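Observations on the three-dimensional arrangement
Spelled out, the chains give:
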Amino acid sequence: MISTLLVGFGFSATTFHLPFLNYLPQFSVDVVISSKPDAVKAALPHAEVYSSLDEALKIHDVDLVVITTPNHLHGPQAKLALEHSCHVLVEKPFTLDSKEAEDLVTLAKNQGKQLCVYHNRRFDGDFLTIKQLIGDGKLGEIKCFESRFDRFRPVPRDRWRENAGPGSGIFWDLGPHLIDQALQLFGQPEEVSANILTLRENGQSNDTFDITLHYGDKIVKLGSSAFQASATLRYDLQGTKGSFRKFYLDPQEDQLRAALSFDDECWAKTNEDQHGVLTAANESGELSEETITTLKGEYLTFFNRLAHAIEDGNFSPADGSSVVPVIKVMELALKASAQKTALAFN
């Protein structure tokens, strides 16, 4: 089994990681770093609990370190784990600095260890669906692509993600997912422009953003708003043969929050009334609509592939090297927003 050390025991750890680590037989969560030992023991009676990652790594010989701490700690803690010859799964954002990300990739390679970033939304059912639509050529050449992750949260909450500080704000929270998906589909852009704002009253960090990735043959728009109370437009793809629109978010996050069993027949399946619609022209040029059944989400596959990568040396589901460009786009978007101009991606 893969002896696992879990760093942090908050929402991310208990919602997005622990359920999978407990469910899959390849993993054993043996050590937890947390300031809440009672909560850890209630969920993991056999686990050893420490307040310091450095202390735990000096005592325990674990295979995998899973990092779910606040964003500014991701880089330093990943470095510490790799220096102790551990494989690493680190929450997004990978780091807050692309140089640090590149250095971690080099360190992992030198140590012969897996360095995986938790870009689980590569395995959203709707993202897998649009990848298939694009690959099948049903939309022709993509000319416009819009991807959004809107919410209705008009009042700031007192938590590190929304308070002032390095790595806080909605851009560092949701931006990595949207950018990563776009780069997975279309590769690196030629230019980046952005508008990253704090619009909520008494907001301490950004809560709204719109980013444009400029390509020679297409335009890609990514965004998030804290003021969307209606159904969320998730994807809008426009191509030379037709278009595809999908509302609502992938169900896996809500199902994890509700502690739905992975063995439940509804797990990772999108409700029938939330599938996307393809509008395309036939040979006569007439337009017709077709509901496209959303593929089943595959968060379980993410962790299965991570286990295989650790055990067999296979390529991980989101290798750190594939995520460095995401951090570079984020850095450039912040500069572009501040300078109010499009900047070249080098």
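Keep in mind it's a predicted model, so treat the numbers as computed, not measured. (Residues numbered from 1 in each chain as written. Predicted model: local features only at pLDDT ≥ 70, side-chain atom pairs only at ≥ 80, totals over all residues. Heavy atoms only, no water.)

Across its full length, the protein chain holds 10 helices and 15 strands. Scaling as 2.2 N^0.38, a compact globule of 346 residues should have a C-alpha radius of gyration of about 20 Å, and the protein chain matches this with 21 Å. Expressed along its principal axes, the backbone C-alpha trace of the protein chain runs to roughly 70 × 50 × 40 Å. The buried share among the 346 residues of the protein chain stands at 53%. Restricting to contacts in the protein chain with at least 6 residues of sequence separation, those with at least 24 account for 69%. When the accessible surface of the protein chain is totalled, it reaches about 15300 Å², and 47% of it is carbon and sulfur. With 33 positive and 47 negative side-chain charges, the protein chain shows a spacing of 3 Å between the two charge centroids. (Helix = DSSP H or I, 4+ residues; strand = E, 2+ residues; numbered from the N terminus. Rg over C-alpha atoms; globule rule 2.2 N^0.38 Å. Buried < 20%, exposed > 50% of the residue type's maximum accessible area, 1.4 Å probe, protein only. Contact = heavy atoms within 4.5 Å. Areas by Shrake-Rupley, 256 points an atom, 1.4 Å probe, with all protein chains shown as cover. Lys, Arg positive; Asp, Glu negative; His and termini not counted. Charge placed at Lys NZ, Arg CZ, Asp CG, Glu CD.)

So, on to the pattern of salt bridges. Inspection of the entire model under this criterion finds 20 salt bridges. Between E162 and R157 there is a salt bridge, with the nearest N and O atoms lying 3.6 Å from each other. Taking relative accessible area as the criterion, R157 reaches 42% and is therefore assigned partly exposed. Notably, a salt bridge pairs E162 with R159, separated by 2.8 Å at the nearest N-O pair. When its relative accessible area of 29% is taken as the criterion, R159 is described as partly exposed. Residues joined by salt bridges that share partners form a network here, namely R157, R159, E162, R200 and D207. (Salt bridge = Lys/Arg side-chain N within 4 Å of Asp/Glu carboxyl O.)

What follows covers the pairing of strand β10 (residues 219-224). Judged from the five bridges that link them, strand β7 (residues 142-148) and β10 form a sheet pairing that is parallel. Within β10, the residue paired with C144 across the bridge is I219. In this structure, strand β9 (residues 208-214) lies alongside β10, joined through six bridges in antiparallel fashion. Bridge pairing links L213 to V220 in β10. Counting the residues that bridge the hairpin from β9 to β10 gives four residues. (Pairing = 2+ DSSP bridges.)

Further remarks concern the sheet that holds β10. Strand pairing within a sheet occurs via backbone hydrogen bonds; the two strands may be parallel or antiparallel. Strand order in the open sheet formed by nine strands is β14-β13-β12-β11-β7-β10-β9-β8-β15, with mixed pairing between adjacent strands. On the outer flanks of this sheet lie β14 (287-292) and β15 (343-344), each paired with one strand and no other. Bridge count between strand β12 (residues 242-247) and strand β13 (residues 276-281): four bridges; the pairing is antiparallel. Considered in β13, the bridge of S243 is made with T279.

So, about the environment of L107. By the secondary structure assignment, L107 is in helix α5 (residues 98-111). Residues L107 and L139 lie 32 residues apart in sequence; the distance between their C-alpha atoms is 41 Å. Filtering out sequence-adjacent residues up to four positions away, L107 remains in contact with K79, L82 and E83.

The next subject is the state of the cysteines. Within this structure, the stated rule accounts for zero disulfides. In this structure C116 is not part of a disulfide, and its nearest cysteine sulfur, from C86, lies 15 Å away. (Disulfide = S-S within 2.5 Å.)

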